[in-house]
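# Summary of structural features
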Amino acid sequence: MASGAGGSVAPPEQARALFGDATPEMARYADLLADAGVTRGLIGPREVPRLWERHLMNCAVIEELIPEGAEVVDVGAGAGLPGVVLGIIRPDLSIVLLEPLLRRTVFLRECVETLGLDNVTVRRGRAEEVRNELRADVVTARAVAPLTRLARWSLPLIRKDGILLALKGEQAGSELEEARADLSAQRPCVADVVQVGSGKVEPATTVVRVRVTSEIDTAAPSRSKRAPDGRRKRGRKR
Ligand SMILES: C[S@@+](CC[C@H](N)C(=O)[O-])C[C@H]1O[C@@H](n2cnc3c(N)ncnc32)[C@H](O)[C@@H]1O
């Protein structure tokens with residue numbers, strides 16, 4: 001991994017409280033973002049002082065919406081937000097970081113390798129190109145596209161009873177109301193806006209949650225083998 005940019009930012013007290021034992025690993029990821037992430041133009045240098053509060057912690061709190069052992073696709077992962085964060089704090093999840101741009105996938109692969117995240121894989125491509133190959137219980141997306149377009153790309157990837165979690169800002173409610181009819185026309189679903197992380201992050205993270213209530217009509221193979229009890233095997237290479 002190339003180095004030489006902005007150095008590192010120590011985790012604030014609230015981050016230590018939120019991440020617990022995962023804090024050192026999260027700090028390594030923060031260093032990768034602050035260093036190679038900045039020199040390669042994947043995040044702006046002005047983001048470095050607010051990496052923890054605005055990016056890592058803000059992303060991490062969505063984990064409370066994700067069921068145990070879920071298969072997750074992070075659409076438009078960019079430099080790994082929220083997918084890498086989730087991979088660090090939730091080793092039970094199986095996560096695909098889906099990203100079309102080569103230099104971003106190179107960085108993501110380096111992060112996965114450096115952090116030893118064997119529950120995370122990187123896939124180069126656009127969401128609309130992988131609908132016959134990838135299936136997810138949960139699709140996450142942050143700062144990727146307006147909701148209608150994001151849903152058009154993402155809903156075909158989601159299993160029945162699976163969810164799209166779109167991290168949005170203050171306009172989430174109005175964006176959802178404008179998109180609601182279009183979402184239902186794409187696939188039967190129910191959608192709401194939820195706040196997560198109250199008391200852990202300030203402000204709380206706003207998420208548009210879309211639960212798909214219909215089966216996918218085309219079959220695609222599962223990405224990972226489940227144990228006989230239906231749960232994924234845990235464990236991580238260090
Ligand atoms: C503004 S960045 C956000 C990255 C990251 N999620 C974050 O919050 O920092 C949007 C990302 O979406 C990716 N993207 C754009 N269109 C896409 C598509 N159709 N499928 C998957 N990713 C896409 C872009 O390449 C870019 O990396």
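Because the structure is a prediction, the values reported are computed rather than measured. (Residues numbered from 1 in each chain as written. Predicted model: local features only at pLDDT ≥ 70, side-chain atom pairs only at ≥ 80, totals over all residues. Heavy atoms only, no water.)

This paragraph deals with the environment of Thr114. One can find Thr114 in helix H5 (residues 102–115). For Thr114, a relative accessible area of 44% translates into the label partly exposed. Measuring from C-alpha to C-alpha, the distance between Thr114 and Arg28 comes to 8.7 Å, with 86 residues separating the pair along the chain. At 2.7 Å, the side chain of Thr114 forms a polar contact with the backbone oxygen of Glu110. (Helix = DSSP H or I, 4+ residues; strand = E, 2+ residues; numbered from the N terminus. Buried < 20%, exposed > 50% of the residue type's maximum accessible area, 1.4 Å probe, protein only. Polar contact = N/O pair within 3.5 Å; in protein donor to acceptor, adjacent residues only side chain to side chain.)

Turning next to the side chain of Arg90. Within the secondary structure layout, Arg90 lies in the loop between helix H4 (83–89) and strand S2 (94–99). With sequence-adjacent residues up to four places away left out, Arg90 is seen in contact with Glu63, Ile66, Pro67, Glu68, Gly69 and Asn119. (Contact = heavy atoms within 4.5 Å.)

Here we take up the UniProt feature "binding site: S-adenosyl-L-methionine" (unreviewed entry) in the chain. Here, UniProt's "binding site: S-adenosyl-L-methionine" (unreviewed entry) annotation points to Gly76, Leu81, Ala127, Glu128 and Arg142. Structurally, the position occupied by Gly76 is in the loop between strand S1 (71–75) and H4. The contact partners of Gly76, leaving out residues within four places of it in the chain, are Leu98, Glu99 and Val144. Since its relative accessible area comes to 5%, Ala127 is described here as buried. Apart from the residues within four sequence positions on either side, Ala127 is in contact with Val75, Leu98, Trp153 and Leu157. (UniProt positions renumbered as here; feature names shortened; annotations may be inferred.)

Here the focus is the nonpolar core. Ranked by size, the top nonpolar core spans 53 residues in total, and within it Phe19, Tyr29, Trp52, Leu56 and Leu97 carry the most contacts. When residues in this core are grouped by element, the largest group, nine residues, is from helix H2 (residues 23–39). Residues in contact with Leu56, not counting those within four places in the same chain, are Phe19, Met26, Tyr29, Ala30, Leu33, Leu51, Leu81 and Val85. Counting 29 residues, the second-largest nonpolar core is a separate cluster that includes Val75, Ala136, Ala166 and Val210. (Core = buried A, V, L, I, M, F, W, Y, C linked by side-chain atoms within 4.5 Å.)

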